[in-house]
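# Coordinates in review
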Amino acid sequence: MRTSMSAERDLGRHLAVSPPTPDDIRAQLERIVTSPEFPAVGRGSAFLSYVIEETLAGRAQRIKGYSVAIEVFKRDQGFTQDDPVVRIEAGRLRRALERYYLVAGQNDPVWIEIPKGGYVPSFAWNDPVATEPHEAAPALPAAPVETALPPSRWRRLLTSLGSAVVAAAAVVFVYWVADRPESGASLRGSNALAPEGPTLVVAPFADLGEGPEARLYAAGLTEELLTALPRFKELTVFGRETSKSLVPEVDVATVRGELGAQYLLAGGLRVAGSRVRVTARLLETETGTILWSQIYDDDLQTRGLFAIQSDVADKVATAVAQPYGIISQADAANPPPDDIDAYGCTLRFYAYRAELSMKPHAEVRECLESAIARYPSYATAWAMLSIVYLDEDRFKFNVRSSSPKPLERALRAARRAVQLDPGNTRALQALMTALFFNQQLEESLRAGEQALATNPNDTELMGEFATRLALGGQWKRGAEILNLALARNPGGAGYYHGMLALADYMQGDYEAAATEIKLADLQKFPFFHLVAAVIYAERGMTGEAAREGAVFVEMRPQFLANITAELASRNVRPGDQIRLVDAMRKAGLPVPEGEVAISEVPAIGSDLQPR
C-alpha cells in the first residue's frame, strides 16, 4: 500500500496536468467513431460529434434534448419530450462508449464520457500521470478535480470509501484506490456499475405437464431463452445461475428488490401427447404490470420445439424494445436439431459443469460425441465437447490414451464449432479456452475479444474471458469485467469472487483477497483451496493456510510433485510463478526443492482457475 505522502504527491501530479486540448479531443473522437468496436448503426457517431463540437465551440449550454433532436435527429420544430428518441439514443451512446473503452480504447490517451442527467460531454486524460506535458511546456493552473478523472470514476471511488473512512483522509485514499482495480465490495456497493438499459430476469419456465419430456421441454425453453436473449445488444439479461436460483412463480417484488431488474419473463409449458402449449408473459417489476403475454399452441410432429423457442425469444425482445425499436430480430442461423436426446446433451453439459466431477464427465462426453455424429453441423455441441475434452487434460478426468491428445481434440472441436457458426458465443468461448491451454495466448485473447464483441451480455463468457485476461497478465481489466459479470449475474457469485480474490492477491491487496476468497465458497474445486492457502499465508493466517493446503494436496496429490510442468502448462508468468511458489512454501505445502526453473516457464499468463 502506498504511504499517505506518496499518494498526496501523486494526486498533486494528477491535478497539475492540463486538460486535453481541442486537438486531443478531436483526435480521440476520430479514434472512437472509426473503430470497428463502436457501433456503426444509428446516429451514435453524429450524436457524439455534435455534442463534442458544440462543447469545444463554447456552446455547451445549448446542448439540450430539444437542440439534439432538431440538429442530430432532424425532428421538426414541434418536437416535445414525449418523443423518447434523444433519451434512448443517449443511453445507447453511453453504453457504446463504456464498451469501447472496455474493449478497444482501454489504452487511449483521452477519456470521453456523457454523464447521466444531461448531454454535455466531459473530457479527461485516461491516465493523467502517463500523459503529462513535456517539461518544456509552460506550467498551467491546476485543473478542477472533475477534469482530472472521469466523473464516473470519482463516483465509483467515493462509493468505495465506506462510512469508516474519515473525511480528512478521503482525497488521499480515493487516489490510492483510483490507481488499482476497485475491490469487489466497493463496486458491488456502487450504482455506477448497474446496467443502464433494459434489464431482464428469466424465471425458470414452469413444467405444467406430466412426465420427463415435459420437464425437459420446460428446462430446454428456459435455456434457449438464456442463450438467445443476450444476443440483443441493448438488452441486459441476468445469467443462468441467477435464473436457476429462482422458482417459476417468483414474485416481481423479489426480482425488483433483490436483483434490481426492470423486467421479468415468466411462463410455463404443457405437453400432452404431441401437442405443446407455451405461455409467456413479460412483467414490469416495479408495479407488477403485465406488459405483454402470449400463448403458443403447436404440434411437435409438424413444428419443432426450437422454432417455438425462437418465436418466444423474438416476441419478448420486441416487446421490451418497442418504444424505439432498439433490438433487432435474433439471428436464428444454424439452430440446434429437433432431437430431444441431442438437445438434452447440452442441458446435461451445464449440469456437469456445475458439479465438475469424473462420472458425469464421461457420460456427457459420450452423449455429445453421439450428438455430433448424428448432427455434424450442431455448433453448440461441438463447442461443449471441446470444453469436455479440455477437462480431460486440466482435471485429469477419464483421460484416453489414444491419439490425438485431449488438448488437440479440444482445439479441433472448437475450430469446427466456429467454422459452423462464426457468431456462436459458446463456440468462440471454447476456441478462446482451447487456444489458451494450447499455449497460444495472443490468439486466445483475440478470440475472446471477438466473442465479447459478438455478445457483450453473456455472463458466462464474461467470466471466462476475464479469467484469461487476468491470468494472462491483464489483472486490472480482468477484475473490471468480473465485477460487471457479478453485477449482471449475482447467482454466479462464487466463481467471480474466487477470481477476484486471485486478482487482488496478484496486485498485492492481500486484505481484499482474503475477503473475496471467503465469499467464494467453492469447496469442491481443488484450485480454490490452493488459492486460499496462498492468500492466507500472505495474510499471516497460518492455521487457515495449512488447512486449505492440506485439502488441496488431498484433492490433487500429484500437482506439487510436478509443479514446474503444471504451472508451465497453465502459462504462468515467471514473476507470478515465483510469488506463488514462495507463498505455497509459506503455507507449508510440500513444494520440491529446486523448483522453480524460470527458464522452463513461458513469459505469458497463468491459469489458477477455481473451476
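Starting afresh in each chain, residues are numbered from 1 along the sequence in its written order. Local features in a predicted model are, by the rule used here, given only for residues with pLDDT of at least 70; side-chain atom pairs are given and counted only at 80 or more, and totals for whole chains, interfaces and linings are based on all residues. The basis for the side-chain values is all heavy atoms of the structure; hydrogens and waters are excluded.

## Things to note about the overall build of the protein chain
Numbering of helices and strands runs from the N terminus, with a helix taken as a DSSP run of H or I at least four residues long and a strand as a DSSP run of E at least two residues long. Of regular secondary structure, the protein chain possesses 27 helices and eight strands. It only takes one pair of heavy atoms within 4.5 Å for two residues to be counted as in contact. Contacts spanning at least 24 positions in sequence make up 64% of the contacts within the protein chain whose residues lie at least 6 apart. Per-residue accessibility takes into account occlusion by the displayed protein chains alone, with areas from the Shrake-Rupley method and a 1.4 Å probe. About 26000 Å² of surface is accessible on the protein chain, with carbon and sulfur atoms providing 53% of the total.

## Here we look at the packing of helix α24 (residues 526–538) against helix α25 (residues 542–555)
Between N-to-C directions, angles span 0 to 180 degrees; the directions come from axes that are lines fitted to C-alpha atoms, helices contributing only their stretch in contact. At a closest axis distance of 8 Å, the pairing of α24 and α25 adopts a crossing angle of 155°. Considering the angle they form, α24 stands roughly antiparallel to α25. Between α24 and α25 lies a crossing whose hand is left-handed. On α25, the residues that touch Pro526, Phe527, Phe528, His529, Leu530, Ala532, Ala533, Tyr536 and Ala537 of α24 are Glu544, Ala545, Glu548, Gly549, Val551, Phe552 and Met555. Residues were grouped as follows: Ala, Val, Leu, Ile, Met, Phe, Trp, Tyr, Cys and Pro as nonpolar; Asp, Glu, Lys and Arg as charged; and all remaining residues, including Gly, as polar. Split into classes, the residues belonging to the contact of α24 with α25 amount to 12 nonpolar, two polar and two charged. For classification, angles of less than 35 degrees are called roughly parallel, those exceeding 145 degrees roughly antiparallel, those between 65 and 115 degrees roughly perpendicular, and all remaining angles oblique. Less than a right angle of anticlockwise turn of the near helix away from the far helix marks a crossing as left-handed, whereas a clockwise turn marks it as right-handed.

## Side note on the nonpolar core
Among buried residues, those of type Ala, Val, Leu, Ile, Met, Phe, Trp, Tyr and Cys that are joined through side-chain atoms within 4.5 Å constitute a nonpolar core. Each residue's exposure class comes from its accessible area (1.4 Å probe, protein chains only) as a fraction of the maximum for that residue type: buried when under 20%, exposed when over 50%, partly exposed otherwise. Leu368, Tyr505 and Met584 are the most contacted members of the largest nonpolar core, which totals 100 residues. Ranked by residue count, the leading element in this core is α24, at 10 residues. Aside from chain neighbours lying at most four places away, what touches Leu368 is Cys345, Phe349, Ala381, Met384, Leu385 and Val388. Grouped together as the second largest cluster of nonpolar side chains are 30 residues, Leu48, Val86, Ala90 and Phe123 included.

## Overview of the side chain of Asn126
Tracing the chain through its elements places Asn126 in the loop between β2 (122–125) and α6 (145–148). We call two N or O atoms a polar contact when they sit within 3.5 Å, provided that within protein one can donate a hydrogen and the other can accept it, with sequence-adjacent residues counted only if both atoms are side-chain atoms. A distance of 3.0 Å separates a polar side-chain atom of Asn126 from the backbone oxygen of Asp108.

## Looking at helix α20 (residues 459–471)
In this model α20 runs 18 Å from its N-terminal to its C-terminal C-alpha over 13 residues, within 8% of the 18 Å that 1.5 Å per residue would give. Within α20, 13 of the 13 residues are buried, which leaves the element mostly enclosed by the surrounding structure. Immediately beyond the C-terminal end of α20, within one or two residues, lies Gly473, with a positive phi of roughly 110°. Expected helix span is given by 1.5 Å per residue-to-residue step, counting one fewer step than there are residues.

## Remarks on the environment of Pro406
With respect to the helices, strands and loops of the structure, Pro406 is situated in helix α17 (residues 406–420). Given a relative accessible area of 7%, Pro406 falls into the buried group. Sequence separation of Pro406 and Asp393 is 13 residues, and the distance between their C-alpha atoms is 6.0 Å. Not counting chain neighbours up to four residues away, the residues in contact with Pro406 comprise Tyr389, Glu392, Asp393 and Val399.

## A word on unusual backbone geometry
Even without being a glycine, Asn398 presents a positive backbone phi close to 50°. Along the chain, Asn398 falls in the loop between α16 (379–394) and α17.

## Focus: the state of the cysteines
Disulfide assignment relies on a single distance test, namely cysteine sulfur atoms paired within 2.5 Å. For the coordinates displayed, the defined rule picks out one disulfide. Disulfide pairing places Cys345 opposite Cys367 at an S-S distance of 1.8 Å. Looking down the S-S bond of the Cys345 and Cys367 bridge, the torsion is -80°, so its handedness is left-handed. Placement of Cys345 in helix α14 (residues 340–355) and of Cys367 in helix α15 (residues 358–374) is noted, with a sequence separation of 22 residues between them. A relative accessible area of 1% places Cys345 in the buried class. Take Cys367: its relative accessible area is 13%, and that puts it in the buried class.

## What to know about the environment of Arg62
Following the sequence through the fold, Arg62 ends up in the loop between α3 (44–56) and α4 (65–71). A C-alpha to C-alpha distance of 10.0 Å links Arg62 and Tyr119, two positions 57 residues apart in sequence. In this structure Arg62 touches Tyr50, Glu54, Ser67 and Glu71, once residues within four positions along its chain are discounted.

## Regarding the packing of aromatic side chains
Think of it this way: a Phe, Tyr or Trp ring, Trp meaning its six-membered ring, pairs with another when their centres are within 6.5 Å, and the plane angle makes it stacked under 30 degrees, edge-to-face over 60, tilted otherwise. As enumerated under the stated definition, the model contains nine aromatic pairs in all. Judged by centre distance (6.2 Å) and plane angle (55°), the rings of Phe47 and Tyr119 are tilted. With a gap of 72 residues between them, Phe47 in helix α3 and Tyr119 in the loop between β1 (110–113) and β2 connect regions that are remote in the sequence. A network of ring pairs unites the aromatic residues Tyr100, Tyr101 and Trp111 as a single cluster. For a ring to carry a charge above it, either NZ of a lysine or CZ of an arginine must fall within 6 Å of the ring centroid while also lying within 35 degrees of the normal to the ring plane. Taking NZ or CZ as reference, Arg468 lies 4.7 Å from the ring centre of Phe436, over its face.

## Points about the environment of Ile290
Mapped onto the elements of the fold, Ile290 is located in strand β8 (residues 289–299). A relative accessible area of 49% means that Ile290 is categorised as partly exposed. Measuring from C-alpha to C-alpha, the distance between Ile290 and Leu264 comes to 9.4 Å, with 26 residues separating the pair along the chain. Once you skip the residues sitting within four places of it in the chain, Ile290 turns out to touch Arg281, Leu282 and Leu283.

## Here we look at the pattern of salt bridges
Think of a salt bridge as a Lys or Arg side-chain nitrogen and an Asp or Glu carboxyl oxygen that are within 4 Å of each other. Across all of its chains, the model carries 20 salt bridges by this definition. For Glu363, the salt bridge is made with Lys359, and the minimal N-O distance between the two is 2.6 Å. Remark: Lys359 and Glu363 occur in helix α15; sequence separation between them is four residues, near one turn of the helix. When the shortest N-O distance is used, the salt bridge between Glu369 and Arg400 registers 2.8 Å. With Glu369 in helix α15 and Arg400 in the loop between α16 and α17, this pair connects stretches of sequence that are 31 residues apart. Judged by relative accessible area, which is 22%, Glu369 ranks as partly exposed. Taken together, the shared-partner salt bridges in this structure form one network comprising Glu54, Arg59, Arg62 and Glu71.

## What to know about α17
Over its 15 residues, α17 extends 21 Å from the first C-alpha to the last, a length consistent with the 21 Å expected when each residue adds 1.5 Å. Among the structural elements, α16 and α18 (425–437) are those in contact with the buried residues of α17.

## So, the confidence of the model for the protein chain
This prediction gives the protein chain a mean pLDDT of 74; 73% of its residues lie at or above 70. pLDDT is a per-residue confidence score from the predictor, ranging from 0 to 100. Taken element by element, the protein chain is modelled with least confidence in helix α8 (residues 170–178), mean pLDDT 24, and with most confidence in α17, mean pLDDT 94. This stretch, residues 1–16, has a pLDDT under 50; its non-local contacts, to residues over four places away or in other chains, come to 24 contacts. Predicted confidence for residues 128–196 stays below pLDDT 50, and this span has 100 contacts to residues more than four positions away or in other chains.

## Concerning the pairing of β2
What you see with β2 is no split at all: Ser122 and Ala124 on one side and Phe123 and Trp125 on the other are buried throughout. Only strands joined by at least two bridges in the DSSP assignment are considered to pair. By the bridge criterion, four bridges tie β1 to β2 in an arrangement that is antiparallel. Bridging across to β2, Ile112 finds its partner in Phe123.

## So, the packing of α18 against helix α19 (residues 441–454)
Where α18 meets α19, the closest approach of the two axes is 8 Å, and the angle between their N-to-C directions is 165°. By the angle between their directions, the pair α18 and α19 is classed as roughly antiparallel. Where α18 crosses over α19, the handedness of that crossing is left-handed. Here α18 contributes Leu428, Leu431, Met432, Leu435 and Phe436 to the contact with α19, which in turn contributes Leu441, Glu443, Ser444, Ala447, Gly448, Gln450, Ala451 and Thr454. Residue classes in the contact of α18 with α19 are distributed as eight nonpolar, four polar and one charged.

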